[in-house]
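# Understanding the architecture of this molecule
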Amino acid sequence: MSAKGKAIAGLVGIVLPAALLGVAIVYFASNPLAVIGTITAMIGGGMYLLTYQEHE
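Residues numbered from 1 in each chain as written. Predicted model: local features only at pLDDT ≥ 70, side-chain atom pairs only at ≥ 80, totals over all residues. Heavy atoms only, no water.

## Let's talk about helix H2 (residues 32-51)
- With 20 residues, H2 extends 28 Å from end C-alpha to end C-alpha; this agrees with the ideal 28 Å at 1.5 Å per step.
- Those residues of H2 that sit buried are Val35, Thr38, Gly45 and Gly46. Across the axial projection of H2, the buried residues extend over an arc of 95 degrees, all falling on one side. Every exposed residue of H2 that faces more than 90 degrees away from the buried side is listed here: Pro32, Leu33, Ile36, Thr40, Ile43 and Thr51.
- The inward-facing, buried residues of H2 abut helix H1 (3-27). (Helix = DSSP H or I, 4+ residues; strand = E, 2+ residues; numbered from the N terminus. Expected span 1.5 Å × (residues − 1). Buried < 20%, exposed > 50% of the residue type's maximum accessible area, 1.4 Å probe, protein only. Arc of directions from axis to C-beta. Contact = heavy atoms within 4.5 Å.)

So, in structure tokens, the structure goes:
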């Protein structure tokens, strides 16, 4: 995966869910389902980035 692809995957898998976590805490008064769902998305994105194999 190119550097641009890794940046996009990092943005979608880690940065975006982190922003959503902040929104969930501020606007939904720490709704446990929103927080757990967002943390799950962040972990999934991190695992994808850690386990991705380069094929270039």
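## Details of the packing of H1 against H2
- Between H1 and H2, whose axes approach to 9 Å, the crossing angle comes to 165 degrees. For the element pair H1 / H2, the angle class is roughly antiparallel. For the element pair H1 and H2, the recorded crossing hand is left-handed. Residues Lys6, Ala9, Gly10, Gly13, Ile14, Pro17, Ala18, Leu20, Leu21, Ala24 and Ile25 of H1 form the contact with H2, whose participating residues are Ala34, Val35, Thr38, Ile39, Ala41, Met42, Gly45, Gly46, Tyr48 and Leu49. (Axes fitted to C-alpha atoms, helices over the stretch in contact; angles between N-to-C directions. Parallel < 35°, antiparallel > 145°, perpendicular 65-115°, else oblique. Left-handed = near helix turned anticlockwise from the far one by under 90°.)

## Points about a nonpolar patch on the surface
- Among the surface-exposed residues, Ile8, Leu11, Val12, Ile14 and Val15 lie close enough to one another that they form a single nonpolar patch of about 420 Å² accessible area.
- Structurally, the position occupied by Ile14 is in helix H1.
- Overall, the relative accessible area of 33% leaves Ile14 in the partly exposed class. (Patch = residues over 30% accessible without salt bridge, like charges linked within 9 Å, V, L, I, M, F, W, Y side chains within 5 Å. Areas by Shrake-Rupley, 256 points an atom, 1.4 Å probe, with all protein chains shown as cover. Salt bridge = Lys/Arg side-chain N within 4 Å of Asp/Glu carboxyl O.)

## Here we look at the environment of Thr40
- With respect to the helices, strands and loops of the structure, Thr40 is situated in helix H2.
- As for Thr40 and Pro17, which are separated by 23 residues in sequence, their C-alpha atoms are 9.0 Å apart.
- A polar atom in the side chain of Thr40 sits 2.7 Å from the backbone oxygen of Ile36. (Polar contact = N/O pair within 3.5 Å; in protein donor to acceptor, adjacent residues only side chain to side chain.)

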